[in-house]
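So you can see what is in the structure, the chains are spelled out below.
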Amino acid sequence: MTDADGYPEGSNPARWLALYVCLGAVFMCLLDVSIVNVALPSMQEGLKATSSDLQWVLSGYAVTFGLVLVPAGRLGDAYSRRTMFLIGITGFVIASVACGLAWSPLAIVVFRLLQGIFAGLLTPQVNGIIQQLFRGPERGRAFGYFGAIAGVSTAAGPLAGGGLIALFGTEHGWRTVFFVNLPIGMVAIPFAARLLTRAGVTSSRGTGRRPQLDPVGSLLFCVGIVSLLLPLVEQREWSGAVRYPLYAVAVLFLALFVLWERRVESRGRAPVLDLRLFSLRSFSFGSVTGLLYFGAFTSIFFVLTVYLQMGQGYSAWQAGLTVTAFAAATIPASRLSGSKGPDHPIAFLVTGSLLFAAGLLLTILAVQIESGSHVGWWIAVPLVVAGFGNGLVLPANQTRVVSQVPVEQASSAGAAYQVFQRTGTALGIAVVGSVFFGQLASSRGDFSQAFEYGVSVSAGLGILTAVLAGAEALSGRLAVSRAGRAVEP
């Protein structure tokens with residue numbers, strides 16, 4: 001069989017070019033999760049924003065990002081991943097420019113909410129596109145690149161943000177953090193429009209079937225996810241018991257979502273999320289593994305930047321340089337995991353998680369040895385170990401999660417997995433942040449001790465990830481053994 005350009009199926013070189021453009025867009029969206037952290041002091045000065053305003057700049061993006069992931073994945077599966085991707089990247093770039101032009105705290109909060117919506121629309125399409133265009137070892141390589149992008153973008157955010165603020169000044173430097181997305185988008189949008197078509201990412205309408213949507217399921221899911229994420233990301237701003245009723249609302253609406261989706265399936269209609277995906281061991285275990293690991297992985301940068309900037313007086317640029325060691329080690333490990341991980345995913349997951357945890361525990365030792373102005377150099381060395389472990393984990397788990405998922409559900413499954421990632425991120429920052437600031441208060445401002453406590457929690461989550469991956473391997477072997485005994489007579 002050949003495609004529209006006459007290439008044998010699975011050999012069109014436009015596939016890889018299309019992938020690189022898609023990964024550039026994902027990098028841009030994920031970079032905006034962390035790059036804004038170091039720009040907050042500059043933003044506060046330039047806009048006269050309150051601490052509550054700044055919290056919404058961070059949490060608003062995270063909440064709307066997670067909010068639309070699953071409905072957006074369903075839209076891509078039902079209509080066209082190419083169309084949803086182009087709408088997402090175009091809207092994201094426009095919202096980014098609007099953030100850079102913001103004239104008041106309210107304006108930037110609103111534009112950040114829009115940024116999150118378009119980022120959530122864009123990212124699940126890339127999972128589906130990789131599933132659609134690649135098979136076998138090539139799919140592993142493609143997800144390896146995806147995992148590298150996820151790790152590097154999160155780690156590179158503080159460095160990029162710090163560099164832009166140092167270059168353009170404190171008062172207006174924060175605006176360049178958003179404007180930098182404009183040239184990236186101007187290059188990516190026209191290339192994506194052409195290359196995705198050439199690679200064969202076309203509309204599902206060509207099947208002759210009318211796409212089915214599930215608006216009730218989407219609404220139930222969105223209310224449940226917002227009720228879950230909002231109190232997590234507002235952990236430090238909302239004191240007392242105000243958060244707990246929202247958790248109850250989250251449980252109620254997510255339970256109603258499950259009941260509704262089962263009803264939709266029983267009537268032969270297409271649900272917003274096929275719950276049968278969770279019967280796949282690779283998908284269910286991989287999703288929970290992703291939740292735990294992202295809780296460990298992303299919370300590190302929060303603790304590191306606060307410790308270095310507030311505790312040691314580092315500039316945003318200096319703090320970003322320290323974190324670069326983590327990002328640099330992630331890249332080669334991701335390539336290795338992308339090429340070899342699909343054959344031995346559990347081994348890569350366990351090894352990577354334990355290396356990640358070991359690197360974090362070594363940073364604690366480094367702080368105990370040197371807690372002065374040179375602490376960044378001491379921390380950078382063990383961050384290489386943690387970053388290498390991170391690079392082994394992300395592509396292996398990404399490939400494993402979707403390995404048994406049908407291509408027609410790839411965007412929805414990828415979106416559901418990313419919801420687990422976003423929830424893990426919010427949960428990790430909430431828990432680690434609470435431990436860090438709680439210890440900071442009880443120790444009367446001892447940043448080194450607070451750092452040690454916070455990082456210990458992240459390392460513990462990394463070890464739990466390894467334990468869960470090992471448990472999956474054991475359960476799989478037991479299932480094979482039982483099946484063998486069942487057919488033996």
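So, how was this worked out
Starting afresh in each chain, residues are numbered from 1 along the sequence in its written order. For a predicted model such as this one, the threshold for reporting local features is a pLDDT of at least 70, and the threshold for listing and counting side-chain atom pairs is 80 or more; totals across whole chains, interfaces and linings nevertheless cover every residue. Excluding hydrogens and water, the side-chain figures rest on all heavy atoms present in the structure. Helix and strand assignments come from DSSP, with helices taken as H or I runs of at least 4 residues and strands as E runs of at least 2, each series counted from the N terminus. Throughout, radius of gyration means the C-alpha value; the globule benchmark is 2.2 Å times the number of residues raised to the power 0.38. To sort residues, take the accessible area from a 1.4 Å probe on protein chains only and compare it with the maximum for the residue type: under 20% means buried, over 50% means exposed, and anything in between is partly exposed. The contact definition used throughout considers only heavy atoms, calling two residues in contact when any of these lie within 4.5 Å. All accessible-area figures derive from a Shrake-Rupley calculation using a 1.4 Å probe, and residue coverage is judged against the displayed protein chains alone. In this charge count, Lys and Arg are treated as positive and Asp and Glu as negative; neither His nor the chain ends contribute. A charge is said to be at NZ when it belongs to Lys, at CZ for Arg, at CG for Asp and at CD for Glu. Note on method: axes are straight lines fitted to C-alpha atoms, helices fitted across the in-contact stretch only, with angles between N-to-C directions ranging 0 to 180 degrees. Should an angle fall under 35 degrees it is called roughly parallel, over 145 degrees roughly antiparallel, and 65 to 115 degrees roughly perpendicular, with every other angle called oblique. By the definition used in this description, the sense in which the near helix is turned from the far one sets the handedness, with an anticlockwise turn below a right angle giving left-handed and a clockwise turn giving right-handed. Residue polarity is assigned by list, with Asp, Glu, Lys and Arg as charged and Ala, Val, Leu, Ile, Met, Phe, Trp, Tyr, Cys and Pro as nonpolar; anything else, Gly included, falls into the polar class. Patch definition: residues above 30% relative accessible area lacking any salt bridge, with like charges linked at up to 9 Å and the nonpolar side chains Val, Leu, Ile, Met, Phe, Trp and Tyr linked at up to 5 Å. Salt bridges are defined as contacts in which a side-chain nitrogen from Lys or Arg sits within 4 Å of a carboxyl oxygen from Asp or Glu. One fewer than the residue count of a helix, multiplied by 1.5 Å, yields its expected span. The criterion for an aromatic pair is that two Phe, Tyr or Trp rings (for Trp, the six-membered ring) have centres within 6.5 Å, with stacked assigned to planes under 30 degrees apart, edge-to-face to planes over 60 apart and tilted to the rest. By definition, being over a ring means that NZ of Lys or CZ of Arg is both within 6 Å of the ring centre and within 35 degrees of the ring normal.

Participant: Sorry, what's going on with the overall build of the protein chain here?
Facilitator: A tally of helices and strands in the protein chain yields 16 helices and zero strands. What you see for the protein chain is a C-alpha radius of gyration of 22 Å, in line with the 23 Å of a compact globule of 489 residues. Across its three principal directions, the C-alpha atoms of the protein chain cover 65 × 60 × 45 Å. Each of the 489 residues in the protein chain was classed as buried or not, and the buried ones make up 55%. Counted over contacts in the protein chain with a minimum sequence separation of 6, partners at least 24 positions apart contribute 83%. Summing over all exposed atoms, the protein chain offers an accessible surface of approximately 19,700 Å²; the carbon and sulfur share of this is 67%. Each charge class in the protein chain can be summarised by its mean position, and for the 31 positive and 22 negative side chains these summaries are 7 Å apart.

Participant: In this structure, what is going on with the packing of helix H11 (residues 281–311) against helix H13 (residues 345–369)? I would like to understand it.
Facilitator: Between two packed helices, both the angle of their axes relative to each other and the distance between the axes serve to describe the pair. At a minimum axis distance of 12 Å, the contact between H11 and H13 shows a crossing angle of 20°. Relative to H13, the element H11 is oriented roughly parallel. Like other packed secondary-structure pairs, H11 and H13 cross with a definite hand, here left-handed. Each of Thr289, Tyr293, Ala296, Phe297, Ile300 and Tyr307 in H11 lies in contact with H13, whose residues at this interface are Leu349, Ser353, Phe356, Leu360 and Val367. Each residue belonging to the contact of H11 with H13 can be placed in one class, and the counts come to nine nonpolar, two polar and no charged.

Participant: What am I meant to see in the environment of Lys48 here?
Facilitator: Checked against the element boundaries, Lys48 lands in the loop between helix H2 (40–47) and helix H3 (51–78). Under the relative-accessibility criterion, Lys48 is labelled exposed at 65%. If near-sequence neighbours (up to four positions away) are discounted, Lys48 is found in contact with Met43 and Pro105.

Participant: Could you clarify how one ought to interpret a nonpolar patch on the surface in this entry?
Facilitator: A cluster of nonpolar side chains, Leu362, Leu365, Ile369, Trp377 and Trp378, forms an exposed patch at the surface whose accessible area comes to about 570 Å². Secondary structure elements with two or more residues in the nonpolar patch: H13 and helix H14 (375–401). It is H13 that contributes the most residues to the nonpolar patch, three residues altogether. Along the chain, Trp378 falls in helix H14. What makes Trp378 partly exposed here is its relative accessible area of 40%.

Participant: Is there a simple way to think about helix H10 (residues 244–266) in this case?
Facilitator: Spacing of three or four residues puts side chains on the same side of an α-helix, whose turn is 3.6 residues. For H10, spanning 23 residues, the distance from its first C-alpha to its last is 34 Å, which sits close to the expected 33 Å at 1.5 Å a residue. Those residues of H10 that sit buried are Ala250, Phe257, Glu261 and Val264. Those residues of H10 that are buried lie in contact with helix H9 (215–233). Following H10 by one or two positions, Gly268 adopts a phi angle in the positive range, close to 75°.

Participant: Which parts of the structure should I look at to understand the packing of aromatic side chains?
Facilitator: Under the criterion given, the structure shown has 20 aromatic pairs. When the ring of Phe278 is compared with that of Phe420, the centres are 6.2 Å apart and the planes differ by 50°; the resulting orientation is tilted. Of this pair, Phe278 sits in the loop between H10 and H11 while Phe420 sits in helix H15 (residues 410–442), and the two are 142 residues apart along the sequence. In textbook terms, an aromatic cluster arises when at least three aromatic residues are bridged by ring pairs, as seen for Tyr293, Phe294, Phe297, Phe301, Phe326 and Phe356. Over the face of the ring belonging to Phe65 we find Arg422, whose NZ or CZ atom lies 5.2 Å from the ring centre.

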